Each structure stands twice: as C-alpha cells, then as structure tokens.
Amino acid sequence: MQVVFITGGSTGIGKATGVLLQSLGYYVVGTSRSPDRYANHPFSLLEMDLHDIASIQKAIKEVVSKYGCIDVVVNNAGIGGDTGPIQNAQTKGWQWALDVNLMGVMYGAKVIVPWIKQHGEGGWIINVASMAGMGGIPYNGAYTATKTAVVALSESWAAELQSKDIK
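Predicted, not measured: the structure shown is a model, and the values here were computed from it. (Residues numbered from 1 in each chain as written. Predicted model: local features only at pLDDT ≥ 70, side-chain atom pairs only at ≥ 80, totals over all residues. Heavy atoms only, no water.)

Among the nonpolar cores identified, the biggest contains 31 residues, and Phe-5, Ile-60, Val-63, Ile-70, Ile-112 and Ile-125 are the most heavily contacted of them. Among the elements of the structure, strand S1 (3-7), helix H2 (53-67), helix H3 (91-119) and helix H4 (141-161) are those that each provide at least two residues to this core. Ranked by residues supplied to this core, first place goes to H3 with nine residues. Discounting chain neighbours no more than four positions away, the residues touching Val-63 are Val-3, Phe-5, Val-29, Leu-46, Gly-68, Cys-69 and Ile-70. Of all hydrophobic cores here, the second largest spans eight residues; its members include Val-4, Leu-21, Phe-43 and Leu-45. (Core = buried A, V, L, I, M, F, W, Y, C linked by side-chain atoms within 4.5 Å. Buried < 20%, exposed > 50% of the residue type's maximum accessible area, 1.4 Å probe, protein only. Helix = DSSP H or I, 4+ residues; strand = E, 2+ residues; numbered from the N terminus. Contact = heavy atoms within 4.5 Å.)

In this section: the pattern of salt bridges. Opposite charge on two side chains permits pairing when their charged atoms draw close. According to the stated counting rule, one finds one salt bridge in the structure shown. Residue Lys-167 is joined to Asp-165 by a salt bridge in which the shortest nitrogen-to-oxygen separation is 2.8 Å. The class for Lys-167 is partly exposed, based on a relative accessible area of 46%. Judged by relative accessible area, Asp-165 falls into the partly exposed class, the value being 40%. (Salt bridge = Lys/Arg side-chain N within 4 Å of Asp/Glu carboxyl O.)

According to the stated counting rule, one finds one aromatic pair in the structure shown. A centroid spacing of 5.2 Å and a plane angle of 35° characterise the contact between Tyr-27 and Tyr-67, whose relative ring orientation is tilted. Taken as a pair, Tyr-27 in strand S2 (residues 27-32) and Tyr-67 in helix H2 lie far apart in primary sequence, 40 residues in all. (Phe/Tyr/Trp six-rings, centres within 6.5 Å; stacked < 30°, edge-to-face > 60°.)

Printed below as a string of structure tokens:
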C-alpha cells in the first residue's frame, strides 16, 4: 500500500484529500502545527512546523520509520497572508506568507526527495497552488505572489526530477 504525506492535513483541502485517498486504500499521514486540537481526526496527524526544517525532518523520519517509505507528498499547507493594497503591506505579513506558502513547500520537498529516491520506486510530489497563481488578484498580493511562485517552482522540479521517476 502506498503512503501519502499531507502538509496542512488537519482541515479544509488537506483533510478532504486525506479522507478521499484513505478511502481509496492509501495510508495517509497528515501534519499540523497543533495536531492535539483535532481529536478523532480521520487519519493520523503529526506535529510539524514549516518554518522549522528540523520539525520537517522529524515528521518525515517518523513516517518513514513507521511505514518504510513515503510515496506521495501533498504540499497543501498554506495561509492567506497580508491582505489589502500592496502599498500598505506589512513586511511581517508578507514574510509569513512567503515562509509558509513558498519556503515551506521548498523545504518539505527538499527533505522528502532523498527518501523517495532511496525507496527506488519513484513517487509523486503534489504542490497545491491556487488559481491566484495564474495572475494577480487585487488586495491579495502576498498570497498571489507566493502561489505564482509555487506554480513556477513545481514546473522547475518536474523537469529536474523527471529522470528520477518523481512526478
């Protein structure tokens, strides 16, 4: 059975994706900054903070230790970031959006790719972006910028990892 690792698996799209994949027979492990807040969650949740590469490494090692591999990664965790006119933007809000929506995706995949390669059977990295990544949305510049970057990052990785049978 294949193992799916979902960042931001506690609610919304991440939770719904996990429930669907679990119903199709996958082992699903999700992440959350506060997994204790989600009692009776339909699949396992590990604590992980995308701002902390050691936290990412720890969560991935836990999954590999328990299941032997990770076949599919769904980089779903994300935040809206600073909203309002760009000229009124708060540096802290933009930095938070960049750290979670873009750098979190990069860190997660950077840590997971060696585990997928080691397993030797290929795998999938699915980066959840948004229609916002296809063009500018007024008053939502931070979110739009990060999701556009995730689309470009995903295209670059697809080309780089193609020969490793990682899609």
